[in-house]
Amino acid sequence: MQELDLSVSALLDDLADRLGPLFPRSETRDRALRYLQGLLSQCERKNSWHLAEWLGDATPDGVQYLLDRARWDADAARDILRQWVIDTLGSPEGVLVLDETGFIKKGQHSAGVQRQYSGTAGRIENSQIGVFLLYASPAGHAFLDRALYLPKSWTQDRERCRRAGIPDDVEFASKPELARRMLERAMDQDIPAAWVTGDSVYGGNRSLRLWLEDRSQPFVLEVACNEPLWWKSFQYTRADEIAAALPDDAWQTLSAGSGSKGERRYDWALTPLTRLQPTEEARRWGHYLLIRRSLSTPDELAYYVVHAPRDWVSIETLVRVAGQRWKIEQGFQTAKGECGLDEYEVRRRASWHRHITLSLLAHALLVAIRQASHQQKKLVPTGFS
């Protein structure tokens, strides 16, 4: 047990050393590190009042100052987060996973808030939406990046934006555009990632898919049932029509990974798509449609467009990559349940990014601590405790 404590202490010290130079004042640095620890604590709720009480403060003023007016750069902290995750979890088999999550909020003044669909609630709610990028590897999974989605109702009202601390040069960007920016930051840092995956919000965006192809980045991205695709000709065919035309022997039952209720087993089918191949390099790559069918409800299907080197492609590999998308849902659950991701009380855009970045750092630290604990248990000989 002593060795595990030392390992956890070393992880904390390493992260603190990396973050320290971001803060010109030692008081702000110490408060930020204590805030991180508070997010990982057993504090009943992780809003400003409860965290302030956990920190020993009589009021939440110090916490609010850290998230609002203190001098430090949340994007620089995000860059440290990204590098730290790769240093602890990096693998050539890594997968970059895209998704968004909702934060239910009251009122109309918090940056980006409006009545909009929230997957968290499963309905239209007054909420903020954040777009996130997660890294998944055999060693674990943690977040790399985040961005607050600003609906057009906000970016078209500059006075409202100014009141929420949104600079005049911040224009509307769709969720796929925010995702592309996060992917670009990760790829420019040479993140070891073999694949990109995400749901139909991102897979259904042709510009994002073409951008990934231009970067020679393999992907398995979900698309809608009516996605038009070239199949057996240069005439468009809907994804669901392709699925309906496949013979019975095209399907096989495979697991997309384990979940809380055991193996996620589905029927799967894979078929090549037609594509233009003007160069020798392009001929090395293929386009495919991967289809998932529920075993219990066969009319429930999901569709994935694949772009990858032909010698990488097997249905087992693609099913494994598609299954990594559930890792980001697990990440949201842990970050909200244990790291206070959704328990903030801020209105300004910069404050949102500050809290969310610190919460993601806390989540990455939690993942590394649990990884160290798992490794320590594996080293304990049988018969010892």
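What counts, and at which threshold
Residues numbered from 1 in each chain as written. Predicted model: local features only at pLDDT ≥ 70, side-chain atom pairs only at ≥ 80, totals over all residues. Heavy atoms only, no water. Phe/Tyr/Trp six-rings, centres within 6.5 Å; stacked < 30°, edge-to-face > 60°. Buried < 20%, exposed > 50% of the residue type's maximum accessible area, 1.4 Å probe, protein only. Helix = DSSP H or I, 4+ residues; strand = E, 2+ residues; numbered from the N terminus. Lys NZ or Arg CZ within 6 Å of the ring centre and 35° of its normal. pLDDT = per-residue confidence, 0-100. Contact = heavy atoms within 4.5 Å. Expected span 1.5 Å × (residues − 1). Core = buried A, V, L, I, M, F, W, Y, C linked by side-chain atoms within 4.5 Å. Axes fitted to C-alpha atoms, helices over the stretch in contact; angles between N-to-C directions. Parallel < 35°, antiparallel > 145°, perpendicular 65-115°, else oblique. Nonpolar A, V, L, I, M, F, W, Y, C, P; charged D, E, K, R; others polar. Lys, Arg positive; Asp, Glu negative; His and termini not counted. Salt bridge = Lys/Arg side-chain N within 4 Å of Asp/Glu carboxyl O. Pairing = 2+ DSSP bridges.

S.K.: Can you walk me through the packing of aromatic side chains in this structure?
M.R.: Centre distance and the angle of the planes are the two values used to describe a pair of aromatic rings. Under the counting rule described, the total for this entry stands at 15 aromatic pairs. A centroid spacing of 4.9 Å and a plane angle of 85° characterise the contact between W230 and F234, whose relative ring orientation is edge-to-face. Residue classification places W230 among the partly exposed positions, given a relative accessible area of 25%. Residues Y266 and W326 carry aromatic rings whose centres are separated by 6.2 Å and whose planes lie at 10° to one another, so their mutual orientation is stacked. In this pair, Y266 is assigned in strand β10 (residues 262-272) and W326 in helix α14 (residues 325-338), connecting sequence segments 60 residues apart. For the pair Y266 and W326, one class covers both residues: buried. Each member of the aromatic cluster is reached from another via a ring pair, and the members are F103, F132, F143, F332, Y344 and W352. The ring of Y149 has K175 lying over it, and the distance from NZ or CZ to the ring centre is 5.0 Å. Here R180 stacks its cationic end above the ring of W211, 5.6 Å away from the centre of that ring.

S.K.: Explain the confidence of the model for the chain to me, please; I cannot follow it from the model alone.
M.R.: Looking at the chain as a whole, its pLDDT mean stands at 92, while 95% of the residues score no less than 70. Considering only residues more than four positions removed or in separate chains, one finds that residues 1-6, a stretch of pLDDT under 50, has four contacts. With pLDDT under 50 throughout, residues 380-385 is counted as low confidence; its partners more than four residues away or in other chains account for zero contacts.

S.K.: I keep staring at α14 and nothing clicks. Help me out?
M.R.: Note on helix geometry: an α-helix contains 3.6 residues per turn, so any two residues three or four positions apart are oriented the same way. Taking 1.5 Å of rise per residue, 14 residues should cover 20 Å, and α14 covers 20 Å from first to last C-alpha, within 8% of that figure. Buried within α14 we find R325, W326, I328, G331, F332, A335 and K336. G340 lies just past α14 and shows a positive phi near 65°.

S.K.: Just to check I follow, could you spell out the nonpolar core for this structure?
M.R.: The tendency in soluble globular proteins is for nonpolar side chains to be buried as a group. Core analysis: the biggest nonpolar cluster contains 120 residues, and L183, W268 and L290 have the highest contact counts within it. The element contributing the most residues to this core is helix α15 (residues 349-379), with 12 residues. Filtering out sequence-adjacent residues up to four positions away, L183 remains in contact with L96, L98, L133, V196, L208, W211 and L212.

S.K.: Looking at this structure, how should I read the packing of helix α2 (residues 26-39) against helix α3 (residues 48-55)?
M.R.: Two quantities define a packed helix pair, namely the angle between the helix axes and the distance between the axes. Where α2 meets α3, the axes come as close as 10 Å, and the angle between the chain directions of the two elements is 110°. Between α2 and α3, the angle is such that the two are roughly perpendicular. In this structure, α2 contributes R31, R34, Y35, Q37, G38 and L39 to the contact, and α3 contributes L51, W54 and L55. Looking at the contact of α2 with α3, its residues break down into five nonpolar, two polar and two charged.

S.K.: Mind showing me how you'd approach the environment of A76 here?
M.R.: Among the secondary structure elements, A76 is positioned in helix α5 (residues 74-89). By relative accessible area, A76 is classed as partly exposed at 22%. Along the primary structure A76 and T357 are separated by 281 residues, whereas in three dimensions their C-alpha atoms are 9.9 Å apart.

S.K.: It is not clear to me how the side chain of E100 should be interpreted in this structure. Could you clarify?
M.R.: In this fold, E100 is placed in strand β1 (residues 95-104). Despite its burial, E100 remains without a salt bridge, the nearest opposite charge being carried by K175 at 4.9 Å. Each residue touching E100, except ones within four places of it in the same chain, is listed here: I129, G130, V131, D199, V201, Y202 and F332.

S.K.: Whenever I open this one, unusual backbone geometry confuses me. Can you help?
M.R.: Excluding glycine, residues mostly have negative phi values, and the peptide bonds linking residues are mostly trans. Even without glycine at this site, S216 takes up a positive phi of about 55°. By the element assignment, S216 lies in the loop between α10 (206-214) and β6 (219-223). Residue classification places S216 among the partly exposed positions, given a relative accessible area of 43%. The backbone of K232 shows a phi angle near 70°, a positive value even though the residue is not glycine.

S.K.: Just to check I follow, could you spell out the pairing of strand β4 (residues 140-149) for this structure?
M.R.: Taken residue by residue, a regular strand's side chains alternate between the two faces of the sheet. Among the 10 residues that make up β4, 10 are buried, leaving the element largely enclosed by the rest of the structure. Pairing geometry for strand β3 (residues 123-137) and β4, over nine bridges, is antiparallel. The partner of S137 across the bridge, within β4, is G140.

S.K.: Please clarify how the pairing of strand β11 (residues 285-293) should be interpreted in this entry.
M.R.: Of all nine residues that make up β11, eight are buried, and the element is covered over most of its length. Looking at chain direction, β10 and β11 are connected through six bridges and run antiparallel. Of the residues in β11, the one forming a bridge with A269 is I291. Of the pairings in the sheet, the one linking β11 to strand β12 (residues 301-309) comprises nine bridges and is antiparallel in character. By the bridge assignment for β12, Y288 is matched with V306.

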